[in-house]
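Residue-level structure breakdown
Residue strings, one per chain:
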Protein chains: 2
Amino acid sequence: MATVSEGSILIGQKPVMNYVLATVIQFNQGARRVSLKARGRAISKAVDAAEIVRTRFLQGQVDISSIKIGSEKVGESGKERLVSTIEIVLERK
Amino acid sequence: MATVSEGSILIGQKPVMNYVLATVIQFNQGARRVSLKARGRAISKAVDAAEIVRTRFLQGQVDISSIKIGSEKVGESGKERLVSTIEIVLERK
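Now for a look at the structure at hand. (Residues numbered from 1 in each chain as written. Chains lettered and ligands numbered in written order. Predicted model: local features only at pLDDT ≥ 70, side-chain atom pairs only at ≥ 80, totals over all residues. Heavy atoms only, no water.)

**Quick word on the nonpolar core**
- Within the largest apolar cluster, 50 residues are counted, with the highest numbers of intra-cluster contacts made by Ile86 of chain A together with Ile86 of chain B.
- With sequence-adjacent residues up to four places away left out, Ile86 of chain B is seen in contact with Ile86 of chain A together with Leu36, Lys37, Ala38, Ile43, Ala46, Val47, Ile67, Lys68 and Ile69 of chain B. (Core = buried A, V, L, I, M, F, W, Y, C linked by side-chain atoms within 4.5 Å. Buried < 20%, exposed > 50% of the residue type's maximum accessible area, 1.4 Å probe, protein only. Contact = heavy atoms within 4.5 Å.)

Pasting the structure below:
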């Protein structure tokens, strides 16, 4: 079986620690990079999760390798609106 | 008088459009770069403001030149806690 070296976590409405632990687990299972993705109000939580992993759980072991923001259309046609998105990639040093 | 070529906007609790307009005004007054800074829950709003400026008000005229996240200590000593921060720099093309 191939080693999974890229992980991905979608940040939603659960408590931030759920996503912190999911990220740490992916690194411990051998991921070299884990990307945290969020939309709308969950964006702040994605930043919190990345910072908690980087400064506490895996201090000195991971870096932020990239941060991208963008916009996505959501809703039915006619009622579409834009929501902001973020993708934070953490990478093992 | 020297031209102000760097602007800075601190995102707080006002409606997002206030910060969008403040950003557009700084560009129209000659800023080449405007940085949007936010902490905690205002982080999502900073991303919204940057995306609205980039995709609607100054479409094709500005790019995101950098995004940084970090942590800051807040509160009195003994009761300190970390809050996440973001700095999004928009730059005229």
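**Observations concerning a nonpolar patch on the surface**
- A surface patch of nonpolar side chains, amounting to about 340 Å² of accessible area, comprises Met17, Leu21, Ile25 and Phe57 of chain A.
- Leu21 of chain A gets classed as partly exposed once you look at its relative accessible area, which sits at 43%. (Patch = residues over 30% accessible without salt bridge, like charges linked within 9 Å, V, L, I, M, F, W, Y side chains within 5 Å. Areas by Shrake-Rupley, 256 points an atom, 1.4 Å probe, with all protein chains shown as cover. Salt bridge = Lys/Arg side-chain N within 4 Å of Asp/Glu carboxyl O.)

**Considering the sheet that holds strand E2 (residues 33-39) of chain B**
All names here are of chain B.
- One open sheet accounts for four strands, arranged E1-E2-E4-E3; its pairing is mixed. Two strands lie at the open edges of the sheet, namely strand E1 (6-10) and strand E3 (62-74), each paired on one side alone. Neighbouring strand axes in the sheet, compared pairwise and without regard to direction, differ in orientation by 20 degrees on average.
- Both E1 and E2 contribute to a ladder of five bridges, which runs parallel. (Pairing = 2+ DSSP bridges. Helix = DSSP H or I, 4+ residues; strand = E, 2+ residues; numbered from the N terminus. Axes fitted to C-alpha atoms, helices over the stretch in contact; angles between N-to-C directions.)

**Side note on the relation of the copies chain B and chain A**
- Of the two same-sequence chains, chain B is brought onto chain A (RMSD 0.0 Å, axial shift 0.0 Å) by a rotation of 180 degrees. Taken together, the rotation and translation relating the two chain copies correspond to the operation of a two-fold axis. Scanning chain B for the C-alpha nearest the rotation axis identifies Ser44 of chain B, at a separation of 2.7 Å.
- Counting the interface residues of chain B, we find that 100% of their copies in chain A are interface residues as well, pointing to one common contact surface. (Least-squares fit on C-alpha atoms with pLDDT ≥ 70 in both.)

**Some points on the side chain of Ser44 of chain B**
- Its location among the elements puts Ser44 of chain B in helix H2 (residues 42-57).
- With a relative accessible area of 5%, Ser44 of chain B lands in the buried category.
- Within polar-contact distance, the side chain of Ser44 of chain B engages the backbone oxygen of Gly40 of chain A at 3.5 Å. (Polar contact = N/O pair within 3.5 Å; in protein donor to acceptor, adjacent residues only side chain to side chain.)

**Some points on the pairing of strand E3 (residues 62-74) of chain A**
- Taken together, the twelve bridges between E3 of chain A and strand E4 (residues 81-92) of chain A define a ladder with antiparallel strand orientation. Bridged to Ile64 of chain A within E4 of chain A is Leu90 of chain A.

**Regarding the interface of chain B and chain A**
- Listed as interface residues are 21 residues of chain B and, on the opposing side, 21 residues of chain A.
- Summing both partners gives a buried area of about 1,400 Å² for chain B against chain A, and 64% of it is carried by carbon and sulfur.
- The largest share of the area that chain B buries against chain A comes from Ser44, Ile67 and Ile69 of chain B, three residues that together contribute 37% of it.
- Our count for the chain B to chain A interface comes out at zero salt bridges. (Buried area = accessible area lost by both parts, 1.4 Å probe.)

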